[in-house]
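Listed below are the residues making up each chain.
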Amino acid sequence: MSSGIRFESVSVAYGKNVVLDSLDLTVEPGEVMALLGPSGSGKTTALRAVAGFVKPASGRVFIGERDVTALPPYRRGIGMVVQQYALFPHLRVEDNVAFGLKAQKVDKAEIPARVAEALEMTGMASYAKRYPRELSGGQQQRVAIARALAIRPNVLLLDEPLSALDAQLRSGMLAELARLHRELPDVSILYVTHDQVEALTLADRIAVMDKARLQDCGTPQELYRRPRTEFTASFVGNANLLPVQVGAAGVRFDGVELSVDTQGAAEGASATLCVRPHLVGLGEGPNALRGTISEVQWRGSTHRLYVEVGEGRHRVKADVRELRETPVLGEDVVLHFAAEDAVLLGAGVSGG
Ligand SMILES: Nc1ncnc2c1ncn2[C@@H]1O[C@H](COP(=O)(O)OP(=O)(O)O)[C@@H](O)[C@H]1O
Ligand SMILES: [Mg+2]
């Protein structure tokens, strides 16, 4: 059986401080939804509302067709993994994993097999007799995941599960989580993170949160290629955000006419043009921007150029393939981008 998660206008407040503001969001059965946003944006609060650890001031939470808003956490059938492992230090790995099963009153005779199954899935079968202190951070987190999976949840809640791990472990665990999800295609996953790479890598869809509100929601590709807000554009990937004026057949940026799709925006309106740095080319081309190099960062396979363009001295970022000759500060250069690589934001733009 699989079941999704549905937030229906869920608000949470601490005193007068609204930390989750009318969240409407549906996680389809078997879907991985990332909740992505900066620290303090309300992600953990949303997750805890699903788990039953915070009570919404208003709105309802559904798991499958069941309204669970008033149910205590242990009756929601949820597996949860948080940032800091939260294993019981005095219990061996196998007893940590068995913990949820005992709490759920699973038949005693069935518990060893269920524990073994969960440890197998997370590659921790040979560590069953160890104590948490005898494990590395990554291993502890695998045990925490095994513990969450042991109850065979329909819904798995993960709150920054990789943020305590170092970068290399993190990328290995990301691949592991993707594999686990392939093995458990019916489990719906709500994955809280402030890391866009994790969200882009793992999620079927990303819900972008900022300041207690849902700002945007879509597939990683949609959000990256067609962000609807400046916040999404700059939080999901890197972005040049150029202030422009909408014209008849394009936009005007600091005195330069650029031919881009105005997506039905009203002529004369102020808007923001979003162009990804890796889609900005060096040299003459369509939509040329002339300027002066103000900073160069060598990043191995690419050079990041910061170019001050126009009279307003806007800084435009361009990620170009590593150049044979390192560009010189103060050098005059031309940047360009293709019309289809620009997205117009704001100004009552109809597309998106
Ligand atoms: N128990 C609490 N009491 C008071 N304020 C809280 C509590 N938990 C969270 N907050 C506040 O709610 C806001 C959202 O927190 P949280 O959901 O943890 O954000 P995120 O997970 O996105 O970093 C923050 O401003 C935080 O300080
Ligand atoms: Mg959090």
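Look above for the structure.
These numbers come from a predicted model, not from an experiment. (Residues numbered from 1 in each chain as written. Chains lettered and ligands numbered in written order. Predicted model: local features only at pLDDT ≥ 70, side-chain atom pairs only at ≥ 80, totals over all residues. Heavy atoms only, no water.)

1. Notes on the site of ligand 1
- Every residue close to ligand 1 is listed here: Tyr14, Val19, Pro38, Ser39, Gly40, Ser41, Gly42, Lys43, Thr44 and Thr45.
- The backbone of Gly42 places a nitrogen or oxygen atom 3.0 Å from an oxygen atom of ligand 1.
- One of the side-chain nitrogen or oxygen atoms of Thr44 is found 2.8 Å away from an oxygen atom of ligand 1.
- Protein chains shield 57% of the accessible area of ligand 1, which is 560 Å² for the free molecule.
- If one sorts the elements of the shell around ligand 1 by residue count, helix 1 (residues 43–51) sits on top with three residues.
- Tallied by class, residues from the shell around ligand 1 come to three nonpolar, six polar and one charged. (Near = heavy atom within 4 Å. Polar contact = N/O pair within 3.5 Å; in protein donor to acceptor, adjacent residues only side chain to side chain. Areas by Shrake-Rupley, 256 points an atom, 1.4 Å probe, with all protein chains shown as cover. Helix = DSSP H or I, 4+ residues; strand = E, 2+ residues; numbered from the N terminus. Nonpolar A, V, L, I, M, F, W, Y, C, P; charged D, E, K, R; others polar.)

2. Focus: the environment of Asn238
- If you trace the backbone, Asn238 turns up in the loop between helix 8 (230–235) and strand 11 (240–246).
- Asn238 gets classed as partly exposed once you look at its relative accessible area, which sits at 35%.
- Those residues within four positions of Asn238 in sequence are excluded, and the remaining contacts are Ala233, Arg276, Pro277, Arg304 and Lys317.
- Among the polar contacts made by the side chain of Asn238, one reaches the side chain of Lys317 at a distance of 3.1 Å. (Buried < 20%, exposed > 50% of the residue type's maximum accessible area, 1.4 Å probe, protein only. Contact = heavy atoms within 4.5 Å.)

3. Points about the packing of helix 2 (residues 93–103) against helix 4 (residues 137–150)
- Closest axis-to-axis distance for the helix 2/helix 4 pair is 7 Å, and the angle between their directions is 30 degrees. Here helix 2 lies roughly parallel to helix 4, going by the angle between them. Crossing handedness for the pair helix 2 and helix 4: right-handed. Across from Val93, Asn96, Val97 and Leu101 in helix 2, the residues of helix 4 making contact are Val143, Ala146, Arg147 and Ala150.
- A breakdown of the residues in the contact of helix 2 with helix 4 according to their chemical character gives six nonpolar, one polar and one charged. (Axes fitted to C-alpha atoms, helices over the stretch in contact; angles between N-to-C directions. Parallel < 35°, antiparallel > 145°, perpendicular 65-115°, else oblique. Left-handed = near helix turned anticlockwise from the far one by under 90°.)

4. Thoughts on the packing of aromatic side chains
- Within this structure, the stated rule accounts for two aromatic pairs.
- When the centroid spacing of 4.6 Å and the interplanar angle of 45 degrees are considered together, the rings of Phe88 and Phe99 count as tilted. Taken together, the positions of Phe88 in the loop between strand 6 (78–81) and helix 2 and Phe99 in helix 2 put the pair 11 residues apart, joining distant regions of the chain.
- The class for Phe88 is partly exposed, based on a relative accessible area of 27%. (Phe/Tyr/Trp six-rings, centres within 6.5 Å; stacked < 30°, edge-to-face > 60°.)

5. Structural notes on unusual backbone geometry
- Despite not being glycine, Lys105 shows a phi value in the positive range, around 60 degrees.
- Looking at where Lys105 falls in the secondary structure, it is placed in the loop between helix 2 and helix 3 (111–121).

6. Considerations on the sheet that holds strand 19 (residues 332–336)
- A sheet is described by the order of its strands in space; here five strands give the open sequence 15-19-16-17-18, paired in antiparallel fashion. The open sheet terminates on both sides in strands that have one partner only, identified here as strand 15 (281–282) and strand 18 (314–321). (Pairing = 2+ DSSP bridges.)

7. Quick word on the pairing of strand 10 (residues 213–218)
- Here strand 9 (residues 205–210) pairs with strand 10 via five bridges, running antiparallel. Residue Met209 lies in a different strand from strand 10, and its bridge partner there is Leu214.
- The loop that links strand 9 with its antiparallel partner strand 10 comprises two residues; one of these, Lys211, has a positive phi angle of about 50 degrees.

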